[in-house]
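Listed below, chain by chain, are the residues.
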Amino acid sequence: MRPIFQPRLVNGPFGDPALFVDILFERRALLFDLGDIAAVPPRKLLRTSHVFVSHAHMDHFVGFDRLLRTCLGRHRPLALYGPERFIEQVEHKLAAFTWNLVENYAADLELTAHEVTAEGGLRRASFNSRERFARRDLAPLATGHGRLLVEPAFEVRCAVLDHRTPCLAFAVQEAVHVNVWRNRLADLGIEPGPWLREAKHAILAGAGDDTVVVARALGGDAQRPITLGTLRSQALQVVPGQKLAYVTDAAHHAGNVQRIVELAEAADLFFIESTFLDADAADATRKAHLTARQAGAIAAAARASVLVPFHFSPRYAGREDELRAEAQAAFGGIVA
Ligand SMILES: [Zn+2]
């Protein structure tokens, strides 16, 4: 199975948190946290459609300016999500610049900031370069079960954690995954092309076996109609989708652990902060962070497949093996 989500931590485990998730075949990407993102090439950053910010401590939000700088003048809107007060924080970031000539850009950039309220609602406001990024409040939305974004191919959910300030954890779940056997397509006299994406979308939308899609004939530009039923029985395999979880900056207590385990349940890839060694658990408690041992135990309770520890405290420079080993011992599974 070739996963549709191609996640990459932008910086090393000691660097600012930022997880760039390319979505295969979609020419778009999601970004989890906005620490220093200088290492992401602009052509990739331009694919970003949705940004999910855990909280606005500087190491998680300082990349906002660079993202804005890169996206100014592009057509595609940008949606941002964060915890309580996030709209105000985006508004203040935008207010820190002078926009008197921004109308000269070829395209208008529209940002929509969403903030998850304590009651689980979603407040929204938009900021358009055409209006020099003046704030426009939009009608709030509900987030059933923490759902922030629901699309046919995947959804993004959040949980509100306690970091002595509200902090969001995220999970992104592919609806179903469609595997393609190229050699079996060839047996049917067709080959992969843009039509395959449409076929996948039709499957995700629940289209029936008698639905006809127009495929590309093998070795040419000719078109060949084929039913989803034939494709499904002979060349495509529908399997459960991929799940990623991203958790950082959380105090270790029963409430947080329960919310994290619920959110990250059975994640294929679980990115979780492992900021301190357990020997320094008192510091972790004081700073409302997790230790590597706590992170490993949480990943085990969530039955995650692979654990990716990150957000190591700089005090452990040169000792990252110890943090990984501690997380691994508590997790018992694969640590990337
Ligand atoms: Zn923090």
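Everything here concerns the structure above.
The structure contained in this document is the topic of the report that follows. Nothing here was measured: the structure is a model prediction, and the numbers come from that model.

1. Section: the pattern of salt bridges
- Evaluation of the coordinates by the stated rule reveals 21 salt bridges.
- Ionic pairing is found between R147 and E155, a salt bridge with its closest N-O pair at 3.0 Å.
- Taking the relative accessible area as the measure of exposure, E155 reaches 18% and is therefore buried.
- One salt bridge in this structure joins R315 and D280, with 3.5 Å as the shortest N-O distance. Here D280 lies in the loop between β18 (269–273) and α9 (281–287) and R315 lies in the loop between β19 (306–310) and α11 (320–331), a separation of 35 residues in the sequence.
- Three or more residues joined by partner-sharing salt bridges are found here, namely D280, D283, R286 and R315.

2. Examining the nonpolar core
- Judged by nonpolar contacts, the single largest core of 31 residues is most densely connected at L34, F64, L94, L111, F127 and F133.
- Counting residues per element, the ones that place at least two in this core are β3 (28–32), α3 (64–71), β5 (78–82), α4 (86–95), β6 (110–116) and β7 (121–128).
- Ranked by size, the runner-up nonpolar core spans 30 residues in total, among them A250, V261, A302 and A327.

3. Remarks on the coordination of the zinc ion
- Distances from the zinc ion to its protein donors, H55 (NE2), H57 (ND1), H163 (NE2) and D249 (OD), fall within 2.2 to 2.3 Å.
- Classification of the site at the zinc ion as irregular follows from its four donor atoms and the range of 84 to 169° in their angles at the metal.
- For the zinc ion, the single-chain donor residues occur in sequence as H-x1-H-x105-H-x85-D. Residue H55 is found in the loop between β4 (48–52) and α2 (58–61), and its partner D249 is found in the loop between β17 (243–247) and α8 (254–264); the two are separated by 194 residues along the sequence. Here H55 and D249 have matching classes, each one buried.

4. Description of the packing of helix α10 (residues 292–301) against α11
- Here α10 crosses α11 at 35°, and the two axes come no closer than 7 Å. Crossing of α10 against α11: the hand is right-handed. Across the interface between the two elements, A292, R293, G296, A297, A299 and A300 from α10 touch L323, E326, A327, A330 and F331 from α11.
- Residues belonging to the contact of α10 with α11 are distributed by class as follows: eight nonpolar, one polar and two charged.

5. A look at the sheet that holds β3
- Read across the open sheet, the eight strands follow the order β1-β2-β3-β4-β5-β6-β7-β8; overall the sheet is mixed. Edge positions in the sheet fall to β1 (5–9) and β8 (134–142), since each of these pairs with one other strand and no more. The mean inter-strand angle of the sheet, taken between neighbouring strand axes irrespective of direction, is 20°.
- Of the strand pairs in this sheet, β5 and β6 are connected by five bridges, and their pairing is parallel. Paired with L80 across the two strands is A113, which belongs to β6.
- Each of β5, β6, β7 and β8 touches α4; the most contacted strand, β6, lies at about 145° to it.

Quick notes on the rules
All residue numbers here refer to positions counted from 1 along the written sequence of the relevant chain. In keeping with the model being predicted, local features are shown solely for residues with a pLDDT of at least 70 and side-chain atom pairs are shown and tallied solely at 80 or more, while totals for entire chains, interfaces and linings include all residues. Note: side-chain values were computed over all heavy atoms of the structure, leaving out hydrogens and water. In what follows, salt bridge is the name for a side-chain nitrogen of Lys or Arg lying within 4 Å of a carboxyl oxygen of Asp or Glu. The rule is simple: take the accessible area with a 1.4 Å probe, protein chains only, and divide by the maximum for that residue type; under 20% is buried, over 50% is exposed, in between is partly exposed. Secondary structure elements are defined from DSSP: runs of H or I of at least 4 residues count as helices, runs of E of at least 2 residues count as strands, and each element is numbered from the N terminus. We define a nonpolar core as any set of buried Ala, Val, Leu, Ile, Met, Phe, Trp, Tyr and Cys residues linked to one another through side-chain atoms lying within 4.5 Å. In this analysis a donor is any N, O or S atom within 2.8 Å of a metal ion (3.2 Å for sodium, potassium and calcium), and since water is not included, sites may seem incomplete. Angular criteria define each label, namely tetrahedral for four donors with all angles between 85 and 135 degrees, square planar for four and octahedral for six donors with opposite donors over 155 degrees apart and remaining angles between 65 and 115, and irregular for whatever fails these tests. Fitted lines through C-alpha atoms give the axes, limited to the stretch in contact for helices. The angle between two N-to-C directions lies from 0 to 180 degrees. Note on convention: the crossing is left-handed when the near helix lies turned anticlockwise from the far helix by less than a right angle, right-handed when the turn is clockwise. Should any heavy atoms of two residues lie within 4.5 Å, those residues are counted as being in contact. Under the grouping applied here, Gly and all other residues not named as nonpolar or charged are polar, the nonpolar ones being Ala, Val, Leu, Ile, Met, Phe, Trp, Tyr, Cys and Pro and the charged ones Asp, Glu, Lys and Arg. The rule for pairing is simple: two strands pair if DSSP sees at least two bridges between them.

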